[in-house]
Amino acid sequence: MIDIRNLTLSIHGTDILHDVSLQIPQGQIFGLVGESGSGKSMTALALMQLLPQGGKTSGQVMVDETDVSTLGEADMCALRGNEIGMIFQEPMTALNPVKNIGDQVAETLLIHGQAKKSEAHTKARAMLDRVGLPADRFPLTRYPHELSGGQRQRVCIAMAIALRPKLLIADEPTTALDVTTQAQILDLLQELVREENMSLLLITHDLAVVAGMADHVAVMQNGVIVEQGQTEHLFRHMTHPYTRQLFEASSHQPDRDSDSKDAPILEVINAVREYKAPRTKLFHTAPPIRAVNDVSFTLKSGESLGLVGESGCGKSTLTRAILGLDPVQSGEIKLFGHAVGPDLPIKQRAAIQVVFQDPYGSFNPRWKVSRLVAEPFHMIDALPTDWREKVADALVSVGMHADDMDKYIHEFSGGQRQRIAIARALILRPEIIVLDEAVSALDVSIRAQILDLLAYLQKRMGLAYLFISHDLTVVRAITDRVLVMQAGKIVEQGETEQVFDHPKHPYTKQLLDAAPQIPSDWQEKKHA
Amino acid sequence: MIRFATFRLLSLTLSLIAASIVVFAVIEIIPGDTASYMLGLNATPEAVEALRNQLGLSGSIPERYIAWAGGLLTGDFGQSYTYRVPVSELILDRIWISIPLTLYALILSTVIAFPVGLISAARRGKLSDYSIMGATQLGIAIPNFWFAMLLVLIFAVNLHWFSAGGFPGWAGGFWPATKALTLPAIALALPQASILARVMRSSLLETLTQDYIRSARAKGLTRGQALRRHALRNAMIPVLTIIGMQFSFLLAGAIIIENVFFIPGLGKLIFQGITQRDLIVVESTVMLLVFAVILVTFIVDVAYAAVDPRLRTRK
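Now for a description of the structure that goes with this document.

Calculation rules
Residues numbered from 1 in each chain as written. Chains lettered and ligands numbered in written order. Predicted model: local features only at pLDDT ≥ 70, side-chain atom pairs only at ≥ 80, totals over all residues. Heavy atoms only, no water. 1 Å grid on protein atoms, 1.4 Å probe; cavity = no way out; pocket = protein on both sides within 12 Å on 5 of 7 lines; lining within 4 Å. Points joined across faces, edges and corners; volume = space filled by probe spheres on them. Helix = DSSP H or I, 4+ residues; strand = E, 2+ residues; numbered from the N terminus. Pairing = 2+ DSSP bridges. Axes fitted to C-alpha atoms, helices over the stretch in contact; angles between N-to-C directions. Contact = heavy atoms within 4.5 Å. Buried area = accessible area lost by both parts, 1.4 Å probe. Salt bridge = Lys/Arg side-chain N within 4 Å of Asp/Glu carboxyl O. Polar contact = N/O pair within 3.5 Å; in protein donor to acceptor, adjacent residues only side chain to side chain. Nonpolar A, V, L, I, M, F, W, Y, C, P; charged D, E, K, R; others polar.

1. Re the layout of surface pockets
Considering only enclosed or pocket space, the second largest pocket measures out at about 1100 Å³ in volume. Lining the second largest pocket are 31 residues, and of these L51, P52 and Q53 of chain A together with R217 and R223 of chain B sit closest to its centre. The biggest single contributor to the lining of the second largest pocket is strand 4 (residues 55-63) of chain A, with 5 residues.

2. Observations concerning the sheet that holds strand 9 (residues 216-221) of chain A
Residue and element names in this part refer to chain A. One open sheet holds the 6 strands; their spatial order is 6-7-8-3-9-10, and the pairing between them is mixed. The two strands at the open ends of the sheet, each matched to only one other strand, are strand 6 (84-87) and strand 10 (224-230). In this sheet, neighbouring strand axes are inclined to one another by 15° on average, regardless of whether the strands run parallel or antiparallel. As defined by bridge partners, strand 9 adjoins strand 10 across 6 bridges and the pair is classed as antiparallel. Within strand 10, the position partnered with A218 by the bridge is Q228.

3. Some words on the interface of chain B and chain A
At the junction of the two partners, chain B supplies 23 residues and chain A supplies 28 residues. Roughly 2400 Å² is buried in total at the junction of chain B and chain A, and carbon and sulfur atoms are behind 58% of that figure. Viewed at the interface, chain A and chain B are joined by 3 salt bridges. A salt bridge links E73 of chain A to R217 of chain B; its shortest N-O distance comes to 3.3 Å. Counting across the interface, chain B meets chain A through 13 residue pairs in polar contact (both at pLDDT 80 or more). Mapped by element, the contributors of at least two residues to the side of chain B that touches chain A are helix 1 (2-29), helix 9 (211-219), helix 10 (223-234) and helix 15 (309-313) of chain B. Of the residues in the side of chain B that touches chain A, the class split is 6 nonpolar, 7 polar and 10 charged.

See the structure below:
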């Protein structure tokens, strides 16, 4: 039994958590939900006493009969990994790249003196078997870089549960993973809780994940738990407005209607894009990797087309080819009837613009917003004399203020930055905008606002969208047609509703099954 | 690992060939012909031609390149005209001073820098960190010849612990020779140790912010254990790069210190070769240094792979 009583935290005098109280009974899953900055992760780090410098806590953290908040650093070291284990969001970087997985799992046992050097590896082997990494394919001598994201997360889990802790904290354990991998990791966690009689504190921004997993849920906003209760009860009743807001934002359906014309403006015909594979032998060239394999589709004027698939399926390679950043080896990509390539006329090239995923990395931090938004003008002959007015118009049309153009990008939040990225894409009055995971890094409520904005802009300017995402809910909400991509091929395409309601290809079915969902009857009751 | 080393060896050989062509070409382009320089302004063209033949300087450029490069491979580095002895002899005399001095300085610098960098990173923002960083700043700022003279003044002139300069040779035994190299090695090591300690510190601090350090702490490692067991090896890559560069620099860059301590090293040999237009000495010694630098780069590359498994699978 884990019992947190009135946990309050401030870092360098700034209040982070306020009177957080929650109880996690043995063998149960407790979901902690909230948006970024709400204090979810800080709650976990406060529990572990792994806070950043300057953190001050008060309140009690009871693990069975011990108040761990009173323990010193040496006692906490003995407790971490032993009584409380923790896994984190980013499995790609959570393991030491220069140590093999066997050593890293065994280290948990050795550090706590729970195994001799000779036995530690045998026990580590058993733990890796336990988390679904069998010895024949995953010997202890494997290094992290030889494993996929999901496999690395399994290693992290093995490390965290090697000593069968009473509590496992999982901080966004599947956020960086594909849906099918996410489903497998969540299954594993559930199975471990059941079989090891462990408690699990599952921290996530995704309501659907907790709906399918947790016994209890707490919703957190600005360092305060605004509502908590038994999962089904909480979802059915939702007393706090923030909970409702989160819930509505996560299944937000922007107000849009399809207004596509028949004229195809982007045609992809049997496109193939290959990469050289690394040499395996000195005088032997490996066959190339086919990232995009015989892909054909069209995008019509004013249409919203979705492209879904898991990481590594070739979505980004295809996007790069469409934007003319990489040539195709065979087949053709035509924009407004002209082949994409170095000879594409400027006017046609200017009519396709792009918005990328990361609102933090896609701007030059030393430029003012005016220059950032006006940058696409370098494509056309000269900077128009009224460029500042045009920038102001573009900013206003994405819901920003014209005065924002004299600020620097670090003064804006993630959602605002994504609006500025859209303004930059709009400045040349394009006909097509490619949205490459454009809302994936955003919180649900911000995401809902950006989706509304996109729907509004489409209606007003008759834009066509190519919407690339791994997030099926979002694709369903914003697109008319959808393409499902697997291993470089389009395996299914059709009207969005048709594909989602009656998937034909087994891969589409698998994707849809894997996506976590809030049971539909919980939602109906609430609306009634 | 073996494949990695083989690939690296191959590229090492190619680099050497390319470097030898460049060195040869540069010496060819430099105005001033050895033969006419040796014979003075009043020499007849016939006499110059005769001397050129004698020195092996006649023939077409490719012929001479092949003769020179072939000579290098068999250990025949040509004849120095100022010393009138084979260049190989001159180099051999000096290399047994320069290489030990370089290694000595490098070992000193590493032995000082590692603990200092480690302590500084572990105690970041504390008084000891600030003091160490201040001291290393000073170590970089002080000109090493001035520091060398200070060392002579204190340890040779006043305390009489060491001699003020000169080198007795290895024939007189290991300890007297090592002792003679101690003050020069310290003078050389100080700025290098300061740089290395700073690189070590910043590299460790960078590594300590990584996610896997957080994972290690969540497993129950103390701050110090996480630093030693997880951060140290990951922080080694930039440190190894600097050590490799320092070796190359020290090997020929010790010339000022060699002068302060009257030590006949490679740096001094090249300097004399240049001032006296003894181009064959310059050519061969530079080539030897290029070889040393490329060899060290190779060793550093292999060390990277030993430290980081990700580099082993990549070609």
